Amino acid sequence: MEAAAPEGAEPGSGCGGGAEEPVVSLAEVLAENEELEKEARAVLGGSDHERCSYSQGAVKRQALYACSTCTPPGGEPAGICLACSYECHGTHRLFELYTKRNFRCDCGNSKFKNLQCKLLPEKGKVNSGNKYNDNFYGLYCTCKRPYPDPEDEIPDEMIQCIVCEDWFHGRHLGAVPPESGDFHEMVCQACMNHCHFLWAYASQLAVPPLTKVNSLEGEGVFLKVKESEEPKKEIKKESGVEQQEMKEEKQMEQFNEPSTSSGSACPEVVTKNEEPACKLKELQSKPFLNKDTATFWPLNWRSKLCTCEDCLKMYSELEVQFLTDECDTVLAYENKGTSDQETERRDPLMDTLNSMNRVQQVELICEYNDLKTELTDYLRRFADEGTVVKREDIQHFFEEFQSRKRQRTNRMQYYCS
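Residues numbered from 1 in each chain as written. Predicted model: local features only at pLDDT ≥ 70, side-chain atom pairs only at ≥ 80, totals over all residues. Heavy atoms only, no water.

K.L.:
Just to check I follow, could you spell out the nonpolar core for this structure?
P.N.:
Burial of nonpolar side chains together is a common tendency in soluble globular proteins. In this structure, Met186, Phe197, Leu198 and Tyr201 are the most contacted members of the largest nonpolar core, which totals 41 residues. Broken down by secondary-structure element, the contributors of at least two residues to this core are strand 6 (185-187), helix 4 (189-194), helix 5 (198-205), helix 9 (279-284), strand 9 (295-297) and helix 10 (309-318). Setting aside residues up to four positions removed in sequence, Leu198 forms contacts with Val187, Met192, Trp297, Trp301 and Leu305. Grouped together as the second largest cluster of nonpolar side chains are 18 residues, Cys52, Cys88, Phe112 and Cys117 included. (Core = buried A, V, L, I, M, F, W, Y, C linked by side-chain atoms within 4.5 Å. Buried < 20%, exposed > 50% of the residue type's maximum accessible area, 1.4 Å probe, protein only. Helix = DSSP H or I, 4+ residues; strand = E, 2+ residues; numbered from the N terminus. Contact = heavy atoms within 4.5 Å.)

Next comes the structure, spelled out in structure tokens:
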């Protein structure tokens, strides 16, 4: 939910002082910012930062914000696109909503009493297709608390449900989430009750949650759900991707009733006379557990959902047609943003570095470290205040930075051997 601040340079890591010169490449220095760039792409993705998205209609997925200044709690909820957050609400208090699906920008419509969109003034009064929740008031999870929460001292990861798109504390999901790298999507408790058919798939596809046990000291210890010894021996015979898929299937058999068969046997059960074959009916014909918890799903699990006529009708009635669309995922959105940037991206800094000698390279690294540390501290103030960084703010920062640099240069002389 919130982009993590990059780690600044360690104290005393400047180039002067007579200390032994650290052996570091610029590639290593730049790598420190890679996580920050990834999180920026996760939020901004393929969103346009210059043009209001209203003219595109209900955008399949885009970065959204809610303006607490224009639509405070008690009023009608509204969402604005990335470009409008910069141009029309730059000095306002904004809630970052990450991404939402099938949403049309509200900026300047009837929900904004005293504001007209600067980028696209001609808009309809309301967007009837938009869906809203408490996130638009800065409240999240079943506990309806803000994020970050100044009163919550428990460190906890926030996870977004792919159905309702609300954000939840890991401890409020009814089950202990697996490690973040072990699953790609989550469906919350309420949405599992709404989409009850998913429990039949969970027995074969879902990633099992962690199991909590108590240590002698009384503190909670979390363990992964383990398979029996016999399935382990079978898994060792597999290799590559097949080995991982087999492991997940065996884990889910333990989560299920003993009579549940493995996924590999499912195709043999289908009768050719059935018209058409329905994966869901086949799974529902076998015992499976239905628990009051959230579920956690691996990569590409959506592609395994049935798309027969009856199931498609059910998805439509439940308003979850997007579940069968692989392009609906946040991962697909992030990949699109990354791909678009990589197409146009060149690394002028590395080109410049390769044309320099060692002394010049060291000096450039030192300057880069100073710039990164000061810029990070400067931008953190905007994040803490919940305001948007404008072009004038960046210009002011670099003017001040250049002034401080000239003062340091006049006071210091660097010697390089």
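Moving on from the model shown.
K.L.:
In this structure, what is going on with the sheet that holds strand 1 (residues 59-67)? I would like to understand it.
P.N.:
The strands making up a sheet associate through hydrogen bonds between their backbones, and the pairing can be parallel or antiparallel. Read from one edge of the open sheet, three strands run 2-1-3, paired in antiparallel fashion. The open sheet has two free edges, formed respectively by strand 2 (80-81) and strand 3 (94-103), since each of these has just one partner strand. Pairing between strand 1 and strand 2: two bridges, direction antiparallel. Bridge pairing links Leu64 to Cys81 in strand 2. (Pairing = 2+ DSSP bridges.)

K.L.:
Whenever I open this one, the pattern of salt bridges confuses me. Can you help?
P.N.:
Pairing between side chains of opposite charge can happen when the charged atoms of each approach one another. Applying the stated rule across the entire model yields 16 salt bridges. Taking the shortest distance from any N to any O, the salt bridge between Lys144 and Asp134 comes out at 2.8 Å. Placement of the pair is Lys144 in the loop between strand 3 and strand 4 (158-160) and Asp134 in the loop between strand 3 and strand 4, with a sequence separation of ten residues. Relative accessible area serves as the criterion here: at 40%, Lys144 is assigned to the partly exposed category. By relative accessible area, Asp134 is classed as partly exposed at 26%. With a closest N to O distance of 3.3 Å, Arg145 and Glu151 form a salt bridge. For Arg145, a relative accessible area of 28% translates into the label partly exposed. In the salt-bridge network here, residues are joined through shared partners; they are Arg61, Arg101, Glu165, Glu185, Arg302 and Asp328. (Salt bridge = Lys/Arg side-chain N within 4 Å of Asp/Glu carboxyl O.)

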